[in-house]
Amino acid sequence: MAAPLPVSRIFASLQPGDTRMMEAHELENKPGIVLGHRGGREVQVTGTAELSAAPDRARLCVLVSSSKGAAAEAKSSVLRRLDYIEQALRQRGVTDENITISKEIERKANAYQMAAEVCVVFDDFEKMQNVCNILVEKLDSSVNISSPQFYHSPANMEKLRRQVCLNAVSNARRKAQDVCRLVGQSLGKAVIIKEEETKEWEDPADCASSTIQLKIKSATVYVTSKVSATFEIKGKEQNKKSC
């Protein structure tokens, strides 16, 4: 018994010269056919691309607290440390719009407890580490510095999504050029370009107690894009030039 023939996959198709005589139901679901487009020679291809981007923002919170018998003493203790933290941030170029401060005082038994939280957004991670080191060296154990949370700004994500789509379109065009070159044709302008699918994900690794670099890696976003594109075929390739 003869062995079965291998399955081949068509990744592009050349359009017939005229599809006007074909009925709509005959065109539907046919590879290489574009419904609603006037007859012409076309090539249809798909293109994919993948890009990644590291986070461009980090949020760091510093908690200052004090418990004293008198409310004024608790406030004074916290505000003194709070002033130092604000000064250290501004000296290193952190603007007020990236600093959020909240304060709270409450009475517990016979003491007053004052707490203040300073949350800072950094776009320079080296600066963030320098600030952390200064605060750890200069302030006592009443100051608690949280682990930084890395994330992406909306502008950073939009730039990544746009670029991966453009790369997928570029790959589709190169594929169409290769098809035309193979059959001695010349590639024309794009007729239809459609983004079919996008996917986004992060590294699923748990980096709750890892280093800064591993946290950044864990927050890195990966994006893929798949597009379908239809291009005109202009005619025979002249003088063996590129399409």
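- The protein chain is annotated in an unreviewed UniProt entry as Interleukin-1 receptor-associated kinase 1-binding protein 1 from Engystomops pustulosus.
- Recorded in UniProt for the protein chain, the comment headed Sequence similarities (unreviewed entry) runs: "Belongs to the IRAK1BP1 family."

## Points about the overall build of the protein chain
Item 1. Along the protein chain, the regular secondary structure elements total five helices and nine strands.
Item 2. When the helices and strands of the protein chain are read in sequence order from the N terminus, they spell out β-α-β-β-α-β-β-α-β-β-α-β-α-β.
Item 3. Burial status across the protein chain gives 37% buried among its 243 residues.
Item 4. A sequence separation of at least 24 residues applies to 77% of the contacts in the protein chain between residues at least 6 apart.
Item 5. Carbon together with sulfur atoms contributes 49% to the accessible area of the protein chain, which is approximately 15,600 Å² in total.

## Section: the state of the cysteines
A covalent bond bridging the sulfur atoms of two cysteines is what the word disulfide describes.
Item 1. With the rule as written, the count across this model stands at one disulfide.
Item 2. Covalently, Cys-61 is tied to Cys-119 through a disulfide, its sulfur atoms 2.4 Å apart. Note on the Cys-61 and Cys-119 pair: the S-S dihedral is about 100°, so by sign convention the disulfide is right-handed. With Cys-61 in strand E3 (residues 57-68) and Cys-119 in strand E5 (residues 111-122), the pair connects residues that are 58 residues apart, well separated along the chain.
Item 3. Exposure remark for Cys-119: the relative accessible area of 18% places this residue in the buried category.

## A short note on the pattern of salt bridges
Item 1. Under the criterion given, the structure shown has seven salt bridges.
Item 2. Note that Glu-158 is salt-bridged to Arg-162, the shortest N-O span being 3.8 Å. Residue Glu-158 and its partner Arg-162 are both found in helix H4 (residues 154-182); the two are separated by four residues, about one turn of the helix.
Item 3. Judged by its relative accessible area of 45%, Arg-162 falls in the partly exposed class.
Item 4. Here the salt bridges do not stand alone but share partners, grouping Glu-86, Arg-90 and Asp-96 into one network.

Calculation rules
Residues numbered from 1 in each chain as written. Predicted model: local features only at pLDDT ≥ 70, side-chain atom pairs only at ≥ 80, totals over all residues. Heavy atoms only, no water. UniProt positions renumbered as here; feature names shortened; annotations may be inferred. Helix = DSSP H or I, 4+ residues; strand = E, 2+ residues; numbered from the N terminus. Buried < 20%, exposed > 50% of the residue type's maximum accessible area, 1.4 Å probe, protein only. Contact = heavy atoms within 4.5 Å. Areas by Shrake-Rupley, 256 points an atom, 1.4 Å probe, with all protein chains shown as cover. Disulfide = S-S within 2.5 Å. Salt bridge = Lys/Arg side-chain N within 4 Å of Asp/Glu carboxyl O.

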